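The primary structure of each chain is shown beneath.
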Amino acid sequence: MTVLFIGGSRRKDSLNTKLKHRLAEVADKHGIRYELVDADALDAPIYHGDLEAADGVPEPMKRLGEKIQSASKVVLVSPEYNSSVSPLVKNAIDWVSRLDMGAWSGKTVLLAAASPGGLGGLRAVSHLRDILANVKAWTAPMCASCPNATDEAIAAMDESFLKSFLEQGKD
């Protein structure tokens, strides 16, 4: 089993990047193989059909699609922007969905979010479930949400819960 962790925030002090690293720390401790994808690797122009027709899918999105396809599971860690999905994550989903390989189809996807607000990014998680269903991914029922997130709150997230979160779905 290899878990691919994808972060959806490029901000230097991103709480979601810290959550991604906390999840990787738990994976490492419990012998779960993983790969971290930095949010900068998601850099691509906003999806546009004419751009795709002229130039094809951007190389970073092709590489991401290959990583998604070869991983056992994907963990998307997305901030919540205006009660919805990070545009970086949405754009990556859109571009990868254009690849012939069908990287998202049948893929086990786990959703995580951290937010300084009281809902912990759950509105973004809800929207991600809808988006991922459209590309035929399977989203696990539990999400790893950290409401009222701070560095300390993320570090204190229950390890046994996070391990169970990572073990969801097919290997």
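- The chain appears in an unreviewed UniProt entry as NAD(P)H-dependent oxidoreductase from Idiomarina abyssalis.
- UniProt lists a comment for the chain under the heading Cofactor (unreviewed entry), and it reads "FMN".

**Observations regarding the pairing of strand 3 (residues 73-77)**
Note on strand geometry: in a regular strand, side chains alternate between the two faces of the sheet.
Thought 1: Within strand 3, 5 of the 5 residues are buried, which leaves it mostly tucked inside the rest of the structure.
Thought 2: Covered by surrounding structure in strand 3 are Lys73, Val75 and Val77 together with Val74 and Leu76, the residues of both alternating faces.
Thought 3: Sheet analysis places strand 1 (residues 2-7) next to strand 3, joined by 5 bridges and oriented parallel. In the strand pairing of strand 3, isoleucine 6 is matched with leucine 76.
Thought 4: Of the strand pairs in this sheet, strand 3 and strand 6 (residues 108-114) are connected by 5 bridges, and their pairing is parallel. Paired with valine 75 across the two strands is leucine 110, which belongs to strand 6.

**Re the UniProt feature "domain: NADPH-dependent FMN reductase-like" (unreviewed entry) in the chain**
Thought 1: Those places that UniProt annotates as "domain: NADPH-dependent FMN reductase-like" (unreviewed entry) correspond, in this numbering, to residues 1-148.
Thought 2: Here residues 1-148 runs as 39% helix and 22% strand, with 32 Å between its end C-alpha atoms.

**What about the pattern of salt bridges?**
One side chain can pair with another of opposite charge once the charged atoms of both are near each other.
Thought 1: A complete count under the given rule lists 11 salt bridges for this structure.
Thought 2: We note a salt bridge from glutamate 35 to lysine 67, for which the minimum N-O separation is 2.4 Å. One end of the pair, glutamate 35, is in strand 2 (residues 33-37); the other, lysine 67, is in helix 3 (residues 59-70), and 32 residues separate them in sequence.
Thought 3: By sharing partners, the salt bridges in this structure join Arg10, Asp40 and Asp43 into a single network.

Rules used in this analysis
Residues numbered from 1 in each chain as written. Predicted model: local features only at pLDDT ≥ 70, side-chain atom pairs only at ≥ 80, totals over all residues. Heavy atoms only, no water. UniProt positions renumbered as here; feature names shortened; annotations may be inferred. Buried < 20%, exposed > 50% of the residue type's maximum accessible area, 1.4 Å probe, protein only. Helix = DSSP H or I, 4+ residues; strand = E, 2+ residues; numbered from the N terminus. Pairing = 2+ DSSP bridges. Salt bridge = Lys/Arg side-chain N within 4 Å of Asp/Glu carboxyl O.

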